[in-house]
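Structural characterization, general
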Amino acid sequence: MRENKKTKANDSKTKNQLKRLENQKIFQFDEEDTVGHVFEVTTARVHIRVDSLEKLKGARVDRLAAIQLNENDFLIGRVEKVYESSSDNSNHVAVIGLIGSFLVDRKKRKAKF
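Residues numbered from 1 in each chain as written. Predicted model: local features only at pLDDT ≥ 70, side-chain atom pairs only at ≥ 80, totals over all residues. Heavy atoms only, no water.

1. Some details on the overall build of the chain
A tally of regular secondary structure across the chain gives two helices and six strands. When each of the 113 residues of the chain is scored for burial, the buried share is 19%. Pairs at least 24 apart in sequence give 44% of the contacts found in the chain among residues at least 6 apart. Just so you have it, the chain exposes about 9000 Å², and 49% of that area is on carbon and sulfur atoms. (Helix = DSSP H or I, 4+ residues; strand = E, 2+ residues; numbered from the N terminus. Buried < 20%, exposed > 50% of the residue type's maximum accessible area, 1.4 Å probe, protein only. Contact = heavy atoms within 4.5 Å. Areas by Shrake-Rupley, 256 points an atom, 1.4 Å probe, with all protein chains shown as cover.)

Next up, the structure:
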């Protein structure tokens, strides 16, 4: 009997956790999360001009990055390289190696990789 009660309690806890997760966004972008803007695209890499030196520090090599294409589509990549492209150090660049895409189907509340 005890195991049965524990199982029911765990099932109830799991259902509550799933309900909370259903209401959460998978990716949520705020303006301050934006690192920069895409300025060059090759077959498997995206070059991003980083807005400031402070934001460049957050774009560390091997971190994951999500590039929002529109409301539902994202490209997922890994930061491969971070550098300054001019002699006066005013152009900060992060190179993102693309590893996949992510589509959020908001009507069906599903995500596709």
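2. Overview of the pairing of strand E4 (residues 73-84)
As paired strands, strand E3 (residues 64-68) and E4 are joined by five bridges and run antiparallel to one another. When the sheet's bridge partners are listed, Ile67 is paired in E4 with Leu75. Between E3 and E4, which pair antiparallel and follow one another directly, the connecting turn spans four residues. (Pairing = 2+ DSSP bridges.)

3. Notes on the packing of aromatic side chains
Summed over the entire model, instances satisfying the criterion amount to one aromatic pair. Geometry around Phe39 places Arg49 over its ring, the cationic atom sitting 4.2 Å from the centre. One cation-aromatic arrangement involves Lys81 over Tyr83; the distance from NZ or CZ to the ring centre is 5.1 Å. (Phe/Tyr/Trp six-rings, centres within 6.5 Å; stacked < 30°, edge-to-face > 60°. Lys NZ or Arg CZ within 6 Å of the ring centre and 35° of its normal.)

4. Section: the nonpolar core
One finds Val46, Ile48, Ala65, Ile67, Val79 and Ile96 forming the largest nonpolar core, which totals six residues. Where this core is concerned, the elements lending two or more residues are strand E2 (45-50) and E3. Not counting residues within four places of it along the chain, the set of residues in contact with Ile48 comprises Gly36, His37, Val38, Phe39, Ile67, His92, Val93, Ala94 and Ile96. (Core = buried A, V, L, I, M, F, W, Y, C linked by side-chain atoms within 4.5 Å.)

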